[in-house]
Protein chains: 2
Amino acid sequence: MQRISLAHGEGGEVANELIQKVFIKSFGHSKHTQFDSAILSLREQTIAVTTDSFVVNPLFFPGGNIGKLAIAGTVNDLAVSGAIPYVLTAGFIIEEGFPIKSLKDIVKTMAEEAERAGVTIVAGDTKVVEKGSADGLFINTTGIGIVQEKRLQPELIQEGDSVLISGTIGDHGVAILSARQELGLLTNVQSDCASLTGIIHELLEEVKGVRIMRDPTRGGLATTLVELCEDFRFSIELDEDLIPVRKDVQGACDILGYDPLYLANEGKVVIIVDSNEEQKALALLQSYEIGKNAKVIGKVASCEDESGKLLLKTIVGTTKRLNRLAGPLLPRIC
Amino acid sequence: MQRISLAHGEGGEVANELIQKVFIKSFGHSKHTQFDSAILSLREQTIAVTTDSFVVNPLFFPGGNIGKLAIAGTVNDLAVSGAIPYVLTAGFIIEEGFPIKSLKDIVKTMAEEAERAGVTIVAGDTKVVEKGSADGLFINTTGIGIVQEKRLQPELIQEGDSVLISGTIGDHGVAILSARQELGLLTNVQSDCASLTGIIHELLEEVKGVRIMRDPTRGGLATTLVELCEDFRFSIELDEDLIPVRKDVQGACDILGYDPLYLANEGKVVIIVDSNEEQKALALLQSYEIGKNAKVIGKVASCEDESGKLLLKTIVGTTKRLNRLAGPLLPRIC
């Protein structure tokens, strides 16, 4: 068994061998699997549910692989919703001929990242398609989290609230570009791909007045904040000078004509918090290795803005309105 | 907007348009979407979770399409676990150039089937890959169900328990073969693709002594029962003569060398029930249109069988042991 064959996708003897030797070896065998569904008892009444498919190209990149991304991405969606990630499901669509070795490496990374994030993978599925019908491997992860009593309070967002980011932006986007060798130059940029459960959980425990959080993935920080402004009808003014960007990320962007504000991040959280709690939140973020470059990057400019604008005070002192990512930028970034 | 472009997968303006015009139009807009995860309050403490990716080829076939299959398949996995399907998530991986019209048709079917099954689609995700990197459309659906107090009791399985199937087997497999025009002949066989929530819910309400259920999808009735026998360490004897198979399905199998016992079903349930309740269960199944061809097809031969054997009493009177589906049969049947 060195490469995936179509028989691995058909639910028979060969598929059973794949599940035993690759998946159960890493994820463990749960008694839940006696049923067609995983059966779970919940300690609380309110759950959060999120789903994501991962199609990143290439599958392995500096700082991670598709498996790490799938776990971290889903766990982070739950965490920013104020939920503690509880269980995940994992669905694999595999191209015929895919190396079993690579699959094992990816699944092993998933198991490690899930352990780090404190979640269990309780249900899985594998499908195999003919050579040429998929590009190597796609993974869907769906996550269920337990919503904490100490909920986010977007309804309390008010003028003057602070906007914080937990670290430098655009790292994941440039790491992927670098892995695709589209940069035409060498960079040492690693993807920031990481689970944020620990840092977010402590933030919600220790800091009162956290209004809302988001993980700025596809579409980058700008698109994420535009959506937030539109959904909740307030406006934000960011200060370009304060937004942390690695020099090599900015350099790569300058050469290729990308804007770090629109590049994907996979281990960052953007937080809106009561300005009175801003410094406490900042200190807490900075006490973590993954939050050491955290910064206050702007503020809520108005909380009664029907059109929900995202404004950027540029380095030269002008103010411009930012929109969603408009056209094609970087396909298959996650 | 007639065909899917890479920009539809990038989380920007174009992606937003796709979500608004295709998905929200059919699935509706939920207030849950204000967060990165759907937030749900549960009425009970115990949930069932299942995940499946669908890669069926072709996407449209007699009796359904990939969307109907995705909903029914996931809902049925929950139902046979003794849970009432509650919410679903849907993840779409779309090939660049895919017709928006087809996507709309599929999504509309999903919304209809979800309504029929009484579930809400609470979270979604779309990714787009370059032309040639996927075959049209893949869908992952993950389902959460509420486990009922009246649980299945596999621990009570005993010698003499009856094995029932809710209708003819192999219909879905032959419908897909027919749609692929691999039969070289015309058949009128429709896929049995359907949600079984109603019929299973009533069965669990009305019939005491339902030990366990399964939906015999990939790998067919034989593989499903082999897995059950191995997991719970009992043996089953099926009576070949009693297993309902449509004449045209049997005919297609005879010509092509397939065995209906190993062909996929997408709207059937196999049930192990106390023999005293067998007739009541049978009558209840037969009172439904989708259960009108239900039959008792065998019995539990021994409940202390470490090796968990599935035996078939053939039409000619011999008894043979059935194994899992062994090699490649029908890739991308679901």
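With that settled, the discussion passes to the overall build of chain A. Across its full length, chain A carries 8 helices and 14 strands. Here chain A holds 334 residues, and 63% of them are scored as buried. In chain A, of all internal contacts separated by at least 6 residues, the share reaching a separation of at least 24 is 85%. For chain A, the separation between the mean place of its 33 positive charges and that of its 45 negative charges on side chains is 3 Å.

Evaluation of the coordinates by the stated rule reveals 37 salt bridges over all chains. One salt bridge in this structure joins Asp52 of chain A and Lys127 of chain B, with 3.7 Å as the shortest N-O distance. A residue pair is termed interchain when its members come from two chains, as with Asp52 of chain A in strand E2 (residues 46–54) and Lys127 of chain B in strand E6 (residues 120–129). Residue Asp52 of chain A shares its accessibility class with Lys127 of chain B, and that shared class is buried. Linking Arg211 of chain B and Asp274 of chain B is a salt bridge whose minimum nitrogen-to-oxygen distance equals 4.0 Å. Here the residue Arg211 of chain B occupies a position in strand E9 (residues 210–214), and Asp274 of chain B occupies one in the loop between strand E11 (270–273) and helix H8 (278–286), the gap between them amounting to 63 residues. A relative accessible area of 7% means that Arg211 of chain B is categorised as buried. Because the salt bridges share partners, they merge into one network encompassing Asp52 and Arg218 of chain A together with Asp125 and Lys127 of chain B.

So, on to the domain arrangement of chain A. Frequently, the measure chosen for interface size is the accessible area that the parts lose on association. Residues and elements named next belong to chain A. You can read the domains of chain A as domain 1 (6–147) and domain 2 (154–322). Computed over C-alpha atoms, the centres of domain 1 and domain 2 are 28 Å apart. Of all residues in domain 1, the largest losses of buried area upon contact with domain 2 belong to Pro62, Asn76 and Val80, amounting jointly to 34% of the total for that side. Across the contact surface, domain 1 and domain 2 share 0 salt bridges. At the boundary of domain 1 and domain 2, one finds 7 residue pairs in polar contact (both at pLDDT 80 or more). Secondary structure elements with two or more residues in the side of domain 1 that touches domain 2: strand E3 (60–61), helix H2 (66–80), strand E5 (83–95) and helix H3 (100–117). By residue class, the composition of the side of domain 1 that touches domain 2 is 13 nonpolar, 5 polar and 3 charged.

Because the α-helix completes a turn every 3.6 residues, residues three or four places apart line up on one side. Residues and elements named next belong to chain A. Given a rise of 1.5 Å per residue, 13 residues ought to cover 18 Å, and the 19 Å separating the end C-alpha atoms of helix H6 (residues 220–232) matches this to within 8%. Most of H6 is tucked away: 10 of the 13 residues are buried. Every buried residue of H6 is accounted for by Gly220, Leu221, Ala222, Thr223, Thr224, Leu225, Val226, Leu228, Cys229 and Phe232. In the segment just after H6, Arg233 is the residue with positive phi, at about 55 degrees.

For the rest of this paragraph, the subject is helix H7 (residues 247–256) of chain A. Residues and elements named next belong to chain A. Regarding H7, the residues found buried are Val249, Ala252 and Cys253. Take H7 and look down its axis: the buried residues cluster within an arc of 100 degrees, on one side only. Exposed and facing more than 90 degrees away from the buried side of H7 are Lys247, Asp254 and Ile255.

Let's shift gears to the confidence of the model for chain A. As a note on interpretation, predicted positions should not be read in detail where pLDDT is low. Residue and element names in this part refer to chain A. With 92% of its residues at a pLDDT of at least 70, chain A reaches an overall mean of 89. Every residue in residues 31–35 scores below 50 in pLDDT, and together they form 13 contacts with partners more than four places removed in sequence or on other chains. With pTM at 0.91, the complex prediction returns an ipTM value of 0.91.

Time to look at the packing of aromatic side chains. The final tally for this structure, using the stated rule, is 1 aromatic pair over all chains. Relative to Phe138 of chain B, the ring of Phe138 of chain A lies with its centre 6.3 Å away and its plane at 50 degrees, an arrangement referred to as tilted. In this pair, Phe138 of chain A is assigned in strand E7 (residues 137–147) and Phe138 of chain B in strand E7 (residues 137–147), connecting two distinct chains. Across the pair, exposure class does not vary: Phe138 of chain A and Phe138 of chain B are buried alike. Across the ring face of Phe54 of chain B, the terminal group of Lys127 of chain A is positioned such that the distance to the ring centre comes to 5.2 Å.

This paragraph deals with the sheet that holds strand E9 (residues 210–214) of chain A. Residue and element names in this part refer to chain A. Taken in spatial order, the 7 strands make up an open sheet running E9-E11-E8-E12-E10-E13-E14, and their pairing is mixed. Each of the sheet's edge strands pairs with one partner strand only, and the pair in question is E9 and strand E14 (319–322). Each strand axis lies, on average, 25 degrees off the axis of its neighbour in the sheet, ignoring direction. In terms of strand pairing, strand E8 (residues 162–165) meets strand E12 (residues 295–302) through 4 bridges, oriented antiparallel. By the bridge assignment, Leu164 is partnered in E12 with Val296.

So, about the pairing of strand E10 (residues 235–239) of chain B. Residues and elements named next belong to chain B. Sheet analysis places E10 next to strand E12 (residues 295–302), joined by 4 bridges and oriented antiparallel. Residue pairing across strands places Ser235 opposite Ser302, the latter belonging to E12. The pairing of E10 with strand E13 (residues 310–313) spans 4 bridges and is parallel. Opposite Glu237, over in E13, you have Leu311 as the bridge partner.

Turning to the packing of helix H1 (residues 13–27) of chain A against H3 of chain A, a few remarks are in order. Residue and element names in this part refer to chain A. Running from N to C, H1 and H3 cross one another at 25 degrees; their axes reach a closest spacing of 8 Å. Classified by the interaxial angle, the pair formed by H1 and H3 is roughly parallel. In the crossing of H1 with H3, the sense of the turn from one axis to the other is right-handed. Two secondary-structure elements touch here, H1 through Leu18, Lys21, Val22, Phe23, Ser26 and Phe27 and H3 through Ile100, Leu103, Lys104, Val107, Lys108, Met110 and Ala111.

By the element assignment, Thr46 of chain A lies in strand E2. Each C-alpha atom of the pair Thr46 of chain A and Val147 of chain A lies 5.6 Å from the other, and the pair is 101 residues apart in sequence.

Mapped onto the fold, Arg218 of chain B is located in the loop between E9 and helix H6 (220–232). At a separation of 2.8 Å, a polar atom in the side chain of Arg218 of chain B contacts the main-chain carbonyl oxygen of Thr126 of chain A.

Rules and cut-offs
Residues numbered from 1 in each chain as written. Chains lettered and ligands numbered in written order. Predicted model: local features only at pLDDT ≥ 70, side-chain atom pairs only at ≥ 80, totals over all residues. Heavy atoms only, no water. Helix = DSSP H or I, 4+ residues; strand = E, 2+ residues; numbered from the N terminus. Buried < 20%, exposed > 50% of the residue type's maximum accessible area, 1.4 Å probe, protein only. Contact = heavy atoms within 4.5 Å. Lys, Arg positive; Asp, Glu negative; His and termini not counted. Charge placed at Lys NZ, Arg CZ, Asp CG, Glu CD. Salt bridge = Lys/Arg side-chain N within 4 Å of Asp/Glu carboxyl O. Domains from an automatic or database assignment. Buried area = accessible area lost by both parts, 1.4 Å probe. Polar contact = N/O pair within 3.5 Å; in protein donor to acceptor, adjacent residues only side chain to side chain. Nonpolar A, V, L, I, M, F, W, Y, C, P; charged D, E, K, R; others polar. Expected span 1.5 Å × (residues − 1). Arc of directions from axis to C-beta. pLDDT = per-residue confidence, 0-100. Phe/Tyr/Trp six-rings, centres within 6.5 Å; stacked < 30°, edge-to-face > 60°. Lys NZ or Arg CZ within 6 Å of the ring centre and 35° of its normal. Pairing = 2+ DSSP bridges. Axes fitted to C-alpha atoms, helices over the stretch in contact; angles between N-to-C directions. Parallel < 35°, antiparallel > 145°, perpendicular 65-115°, else oblique. Left-handed = near helix turned anticlockwise from the far one by under 90°.

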